[in-house]
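Residue-level listing of the chains:
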Amino acid sequence: MTCDIVCPVDGWPERDTKTIIPDITLAGGGPAANAIATAARLGLRTGIVGRLGDDVLGRYTLAAHAAEGIDVSRLALDPQAASPVSVIISDLADATRTILLTKGEGTALQPAELDLPWIRQTRTILLDGHQMPASLAVAREARAWPEVTVVLDAGSMREGMVELCALCDIVIASQRFAQQLTGTESPNDCLERLSEMGVRIAGVTLGELGSICRDAEITVHQPAFRVTVRDTTGAGDAYHGGFLFGWLTGNNLANSMRIASAVAALKCTGTGARQALPDRKLLSSFLDNADRDL
């Protein structure tokens, strides 16, 4: 979890110059945090577990999540810690982004600090592997919680990630992770490997090529929706939040993927990870219009 400082630019700045930009936006950030904010915008009850510094940006980040309606009662502010910060330079000329970040200090959660009875109340746990010891501890505990689904946003390979994948029910990976896991360019190889690990639903997001997911019965390819892209920051996170919304509201795999793709597309029409996240009404309208265009 981070505080995102989003700086939109119209073309990459030249060295040793000053560039006037239209605005600077502060927002909460981080893969799982963005996905949770997405799900909250769509009307799901959500909560977040983590630690930030009791500093200006940490307090802002906590308040930003609370403003989304997210339960932040297990999001601690530690005066001895320094909050992570990401500066996102969003190049509007070609819809690319460059991220400069600090990892912060003293924000790691230890397994003994987790409020497991509080976590067990949920229907779904979303992990992104950034708090690896705590994530592994929760995923191991959840093996004994049949009513709880554990979902992983696998963004990149890090120590413990393979074990974490094997403990999760649903794993939706980035192209980068898929390549790191299998050593190949084939998303299907990643789906096969994840299925062999025991993952119930395996998926890979493919950017402008959409996404592909597999369960025990079917493999589904969902094309990306065509929109005017302003910024791709957090598109994968929005996809995860949209997928969770679809899945938890009773949709099958294909429809959950379609909802996820629509949410990610809408997100890309604004700058930063959260500016253009849709609510349920906007999402429904977008999907209705897409159906009429078929």
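Here's a quick rundown of the structure.

## Brief notes about the sheet that holds strand 9 (residues 170-173)
Here's step 1: Strands sit in the order 7-8-9-10-11-12 across an open sheet of 6 strands; the sheet is mixed. The sheet is open, and its two borders are formed by strand 7 (124-127) and strand 12 (219-222), each paired with just one other strand. Strand-to-strand twist across the sheet, computed as the mean angle between neighbouring axes with direction ignored, equals 15°.
Here's step 2: For strand 10 (residues 201-205) and strand 11 (residues 211-214), the ladder comprises 4 bridges, and the chain directions are antiparallel. Along strand 11, the bridge assignment pairs threonine 205 with serine 211.
Here's step 3: Helix 6 (residues 175-182) rests against strand 8 (149-154), strand 9 and strand 10 of the sheet, and its axis sits at about 115° to strand 10.
Here's step 4: In the packing of helix 9 (residues 253-267) onto the sheet, the strands contacted are strand 10, strand 11 and strand 12, and the crossing angle to strand 12 comes to about 25°.

## Observations regarding helix 2 (residues 56-67)
Here's step 1: Compared with an ideal rise of 1.5 Å per residue, which puts 12 residues at 16 Å, helix 2 spans 16 Å between its outermost C-alpha atoms and is within 8% of the ideal.
Here's step 2: Turning to helix 2, the residues buried within the fold contact strand 1 (2-9), strand 2 (25-29), helix 1 (31-41), strand 3 (47-53) and strand 4 (71-78).
Here's step 3: In the segment just after helix 2, glycine 69 is the residue with positive phi, at about 90°.

## Some words on the state of the cysteines
Here's step 1: For the coordinates displayed, the defined rule picks out 0 disulfides.
Here's step 2: Between cysteine 3, a cysteine without a disulfide, and cysteine 7, which holds the nearest cysteine sulfur, the sulfur-to-sulfur distance is 11 Å.
Here's step 3: With no disulfide of its own, cysteine 213 lies 10 Å from the sulfur of cysteine 190, the closest cysteine sulfur.
Here's step 4: Relative accessible area serves as the criterion here: at 1%, cysteine 213 is assigned to the buried category.

## Considering the sheet that holds strand 6 (residues 96-102)
Here's step 1: The 4 strands are arranged 2-1-5-6 in an open sheet whose pairing can be described as mixed. Here the strands that pair on one side only, and so sit at the sheet edges, are strand 2 and strand 6. With strand direction ignored, the average angle separating the axes of adjacent strands in the sheet is 25°.
Here's step 2: Where strand 1 lies against strand 5 (residues 85-91), 7 bridges are found, and the strand directions are parallel. Each bridged residue has a counterpart across the sheet, and for cysteine 7 the counterpart in strand 5 is isoleucine 89.

## So, the nonpolar core
Here's step 1: The biggest cluster of nonpolar side chains holds 37 residues, and the ones touching the most others in it are Ile125, Leu152, Leu164, Val171 and Leu194.
Here's step 2: With 7 residues, the top contributor of residues to this core is helix 4 (residues 132-142).
Here's step 3: Beyond its immediate stretch of four places on either side in the chain, leucine 164 contacts Leu127, Gly129, Met132, Ser135, Leu136, Ala139 and Leu152.
Here's step 4: Formed by 26 residues, the second largest nonpolar core is a distinct cluster that contains Ala33, Leu52, Val72 and Leu253.

## Topic: the pattern of salt bridges
Here's step 1: For the structure shown, the criterion picks out 8 salt bridges.
Here's step 2: Two residues, glutamate 113 and arginine 51, come together in a salt bridge whose shortest N-O distance is 2.2 Å. Of the two residues, glutamate 113 sits in the loop between strand 6 and helix 3 (116-120) while arginine 51 sits in strand 3, which places them 62 residues apart along the sequence.
Here's step 3: In this structure, arginine 74 engages aspartate 115 in a salt bridge whose closest nitrogen and oxygen atoms are separated by 2.8 Å. Within this pair, whereas arginine 74 is found in strand 4, its partner aspartate 115 is found in the loop between strand 6 and helix 3, the two being separated by 41 residues in sequence.
Here's step 4: Looking at aspartate 115, the relative accessible area reads 27%, which means it is partly exposed.

## Quick notes on the packing of aromatic side chains
Here's step 1: Tallying each qualifying case throughout the model produces 2 aromatic pairs.
Here's step 2: A centroid spacing of 5.3 Å and a plane angle of 70° characterise the contact between phenylalanine 225 and phenylalanine 286, whose relative ring orientation is edge-to-face. Linking phenylalanine 225 in the loop between strand 12 and helix 8 (235-248) with phenylalanine 286 in helix 10 (residues 280-293), this pair joins segments that are 61 residues apart in sequence. With respect to burial, phenylalanine 225 and phenylalanine 286 carry one shared label: buried.
Here's step 3: Judged by centre distance (6.0 Å) and plane angle (10°), the rings of phenylalanine 243 and tryptophan 247 are stacked. Of this pair, phenylalanine 243 and tryptophan 247 both sit in helix 8, 4 residues apart, which is roughly one turn of the helix.

About the cut-offs
Residues numbered from 1 in each chain as written. Predicted model: local features only at pLDDT ≥ 70, side-chain atom pairs only at ≥ 80, totals over all residues. Heavy atoms only, no water. Pairing = 2+ DSSP bridges. Helix = DSSP H or I, 4+ residues; strand = E, 2+ residues; numbered from the N terminus. Axes fitted to C-alpha atoms, helices over the stretch in contact; angles between N-to-C directions. Contact = heavy atoms within 4.5 Å. Expected span 1.5 Å × (residues − 1). Disulfide = S-S within 2.5 Å. Buried < 20%, exposed > 50% of the residue type's maximum accessible area, 1.4 Å probe, protein only. Core = buried A, V, L, I, M, F, W, Y, C linked by side-chain atoms within 4.5 Å. Salt bridge = Lys/Arg side-chain N within 4 Å of Asp/Glu carboxyl O. Phe/Tyr/Trp six-rings, centres within 6.5 Å; stacked < 30°, edge-to-face > 60°.

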